[in-house]
Amino acid sequence: AVTRPGASRLGGAPKPRRTWTRDGGQIVAEVFPTSVLDKLMFGGVTAEVWIEPGEPASQGRIYREGKPARGKVALVLGAGNVASIGPMDALYKLFVEDEVVVLKTNPVNAYLGPHMERAFAPLIAEGVFGVVHGGAEVGAHLTAHAKIDTIHMTGSDRTHDAIVFGRDPDEQKRRKEANEPLIDKPISSELGAVTPVLVVPGPWSEADLAFQARHIAGMVANNGSFNCNAAKVIVTASGWPQKARFLELVHEALAKAPTRKAYYPGAEARYQGFLDKYPQAKALTEGGEDIVPWTVIEDVPAKKGEYALTNEAFCGVLAEVSLDASDAEGFLAKAVPFANDEVWGTLSCMILVHPKTEKAHAAAVDKALADLRYGGIGYNVWAGLIYGLVVTTWGAFPGHPLTDIQSGRGVVHNAFLFDHPQKSIVKAPFRIAPTPVWFADHKAQADLARKLIGMEANPGYLKLPGLIAAAVRG
């Protein structure tokens, strides 16, 4: 969002656009758009934060309760894939949880350290923020340090378990079974997932099919597919007459997407692991040195423990799963429990629903959104927008114990400072216009990105014409 609620100025409780109570008592708050500028830039996009059932929509605990007698120091272990993750996690710790922050960069993007220090210079001067660099040894030193009170990390569940239960496999197994973590500090985390896209059958036109195929290609290809919310599994209905044509168009869109450097460590090995498991894997682009081609795996079984459903590729691999259904209600009745129970992780998912389908099956669609156990749900939109808006919460669905951490615990972003968020849902028109910046074939992507950064840094209506001009060229 371009405009941010001022937490301290509003007593830690910036007012949402509206709140309401669902049947059963769960409270929902609409948090986007927050301004006329938001409406103009994100036409038709809305965002909701759903509060944990039985909990109030209270906000800004630290601003209500005041400062504790003793302050806390938080260690933020930054991710290596997206430059904004570490700084935004630090801001959450600073201003939502009122803790002094030490941010340790990931070696992959430690080069950003000077830029972070310049951006955070006032907080560094105040003595409440610092940036350090290093690998696993520096991380181990900091996590065990007596002056570190809490930890937040973004990464893999394997890294999390190594920190919490030890790097030795036997020790880790023993400590997990006994629930005896090595560290007794509160640790929150965002750890990725195998992200599904539920394609609800409906009366899609050829233009609809082509648009959503491009949409999914963008969900895969953005940032080289090194995103924890990158599309990893397409779930379709076997009886949908347009299924074959849709998947054909997805393949075509991925084949046209420029390949990216596989910069994140281990990408080639993870890719090879999928090739070893699935001989039918089909590369749609050329590979090469430091290049993992966009690859689809057709006819992946929808069964518990399936490799592609329980291992996050973190490279350009897209699995295709078909469920035995032909209409929207039959598909949703199977797709929601499949996504909840058979696909690993609970960070985010996407669901694509034609407006005529939504109108005809409103109750079934609403039930699906309520029943999906994901911290973020993109309705006709990539879940990357949930991450990017920041007024929404970002994190796993609540309930993972340390011994089965999956996508992590707790949330970040959460600019409205809700004390008990359950999940965030961002809704967009079925055919978003103009072309979103994350589409892999956007014709003015670099220009639009620069203008978006300029608007974010210094919002103003005078910048809108140039931004729109770049957007419509996409």
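What this report covers is the structure whose coordinates are included nearby. (Residues numbered from 1 in each chain as written. Predicted model: local features only at pLDDT ≥ 70, side-chain atom pairs only at ≥ 80, totals over all residues. Heavy atoms only, no water.)

By size, the foremost hydrophobic cluster in this structure holds 116 residues, and its most contacted members are Ile216, Phe246, Leu254, Leu318, Phe331 and Ile351. A per-element tally of this core places helix H9 (residues 206-221) first, with 8 residues. In this structure, Ile216 is in contact with Val197, Ile234, Phe246, Val250, Leu318 and Leu352, ignoring residues within four places of it in sequence. With 14 residues, the next largest nonpolar core counts Ile163, Phe165, Ile183 and Leu191 among its residues. (Core = buried A, V, L, I, M, F, W, Y, C linked by side-chain atoms within 4.5 Å. Buried < 20%, exposed > 50% of the residue type's maximum accessible area, 1.4 Å probe, protein only. Helix = DSSP H or I, 4+ residues; strand = E, 2+ residues; numbered from the N terminus. Contact = heavy atoms within 4.5 Å.)

Before going further, it helps to spend a moment on helix H8 (residues 169-178). A distance of 3.2 Å separates the backbone nitrogen of Asp170 from a side-chain oxygen at the start of H8, and that oxygen is part of Asp168. Count one or two residues on from H8 and you reach Asn179, which has phi positive near 55°. (Polar contact = N/O pair within 3.5 Å; in protein donor to acceptor, adjacent residues only side chain to side chain.)

Quick look at the sheet that holds strand S19 (residues 421-427) now. Taken in spatial order, the 11 strands make up an open sheet running S1-S2-S3-S19-S15-S14-S9-S10-S13-S12-S11, and their pairing is mixed. Either end of the sheet is taken by a strand with one partner, and the two such strands are strand S1 (18-21) and strand S11 (282-283). (Pairing = 2+ DSSP bridges.)

The next subject is the sheet that holds strand S17 (residues 408-409). Taken in spatial order, the 6 strands of this open sheet run S6-S5-S4-S7-S8-S17, and their pairing is mixed. Because the sheet does not close on itself, it has two edges, and the strands there are strand S6 (129-132) and S17. Relative to strand S7 (residues 150-154), strand S4 (residues 73-77) runs parallel, the two being bridged by 4 bridges. Of the residues in S7, the one forming a bridge with Leu77 is Met153.

Here we take up the packing of helix H17 (residues 445-457) against helix H18 (residues 464-472). Put simply, H17 and H18 touch, their axes get as near as 9 Å, and they point 155° apart. Relative to H18, the element H17 lies roughly antiparallel. Once H17 is placed against H18, the crossing between them reads as left-handed. When H17 is examined against H18, the residues Asp447, Leu448, Lys451, Leu452 and Met455 are found in contact with a partner set consisting of Leu464, Gly466, Leu467, Ala470 and Ala471. In terms of residue class, the contact of H17 with H18 is built from 7 nonpolar, 1 polar and 2 charged. (Axes fitted to C-alpha atoms, helices over the stretch in contact; angles between N-to-C directions. Parallel < 35°, antiparallel > 145°, perpendicular 65-115°, else oblique. Left-handed = near helix turned anticlockwise from the far one by under 90°. Nonpolar A, V, L, I, M, F, W, Y, C, P; charged D, E, K, R; others polar.)

In this section: the packing of aromatic side chains. In total, this model carries 16 aromatic pairs according to the counting rule given. Measuring from ring centre to ring centre gives 4.3 Å for Phe120 and Phe129, while their planes differ by 25°; the resulting arrangement is stacked. Looking at Phe120, the relative accessible area reads 9%, which means it is buried. Given the relative accessible area of 5%, Phe129 is considered buried. Pairing Tyr264 with Phe314 gives two aromatic rings, centres 5.2 Å apart and planes at 80°, and the pair type is edge-to-face. With Tyr264 in the loop between helix H10 (243-256) and helix H11 (267-277) and Phe314 in the loop between helix H12 (307-310) and strand S13 (317-323), this residue pair connects regions lying 50 residues apart in the sequence. Take Tyr264 and Phe314: they sit in the same class, and that class is buried. By way of ring pairs, the aromatic residues Trp204, Trp240, Phe246 and Phe430 are connected into one cluster. (Phe/Tyr/Trp six-rings, centres within 6.5 Å; stacked < 30°, edge-to-face > 60°.)

Here the focus is the pattern of salt bridges. Enumeration over the complete set of coordinates arrives at 26 salt bridges. Its salt-bridge partner being Arg158, residue Asp157 comes within 3.7 Å of it at the nearest N-O pair. A salt bridge links Arg245 to Glu248; the shortest N-O distance between them is 3.1 Å. Residue Arg245 and its partner Glu248 are both found in helix H10; the two are separated by 3 residues, about one turn of the helix. Assessed through its relative accessible area of 30%, Arg245 is described here as partly exposed. Its relative accessible area of 39% is what places Glu248 among the partly exposed residues. Salt bridges here are not isolated pairs; linked through shared partners, they connect Arg17, Arg18 and Glu30. (Salt bridge = Lys/Arg side-chain N within 4 Å of Asp/Glu carboxyl O.)

Another aspect to go through is unusual backbone geometry. Residue Pro33 is bonded to the preceding Phe32 through a cis peptide linkage, with omega at 5°. Tracing the sequence through the fold places Pro33 in the loop between strand S2 (27-32) and helix H1 (36-41). Backbone torsion omega between Ala433 and Pro434 reads -5°, so that peptide bond is classified as cis. Assignment of secondary structure puts Pro434 in the loop between S19 and H17.

This next bit is on the environment of Pro53. With respect to the secondary-structure elements, Pro53 resides in the loop between strand S3 (46-51) and helix H2 (61-65). As for Pro53 and Val28, which are separated by 25 residues in sequence, their C-alpha atoms are 9.9 Å apart. When near neighbours in sequence (up to four residues on either side) are disregarded, Pro53 contacts Gln26 and Gln422.

It is worth spelling out the side chain of Asn340 at this point. Summarising the element assignment, Asn340 is placed in helix H13 (residues 328-341). On the basis of relative accessible area, Asn340 is assigned to the buried category, the value being 13%. At 3.0 Å, the side chain of Asn340 and the backbone oxygen of Asp371 are in polar contact.

Moving on to the packing of H9 against H10. Put simply, H9 and H10 touch, their axes get as near as 8 Å, and they point 45° apart. In terms of orientation, H9 lies oblique with respect to H10. In this structure, H9 meets H10 at a crossing whose hand is right-handed. Of the residues in H10, those in contact with Glu206, Leu209, Ala210, Gln212, Ala213, Arg214, Ile216, Ala217 and Val220 of H9 are Arg245, Phe246, Leu249, Val250, Ala253 and Leu254. For the contact of H9 with H10, the class distribution of residues is 11 nonpolar, 1 polar and 3 charged.

Below, the discussion takes up the environment of Lys463. Counting through the fold element by element, Lys463 comes out in the loop between H17 and H18. Assessed through its relative accessible area of 35%, Lys463 is described here as partly exposed. For the pair Lys463 and Leu452, spaced 11 residues apart in sequence, the C-alpha separation works out to 9.3 Å. When residues no more than four places from it in sequence are discounted, the contact partners of Lys463 are Gly454, Met455 and Asn458. Of note is the side chain of Lys463, whose polar atom sits 3.0 Å from the backbone oxygen of Gly454.

Any functional reading would require information that these geometric values do not contain.
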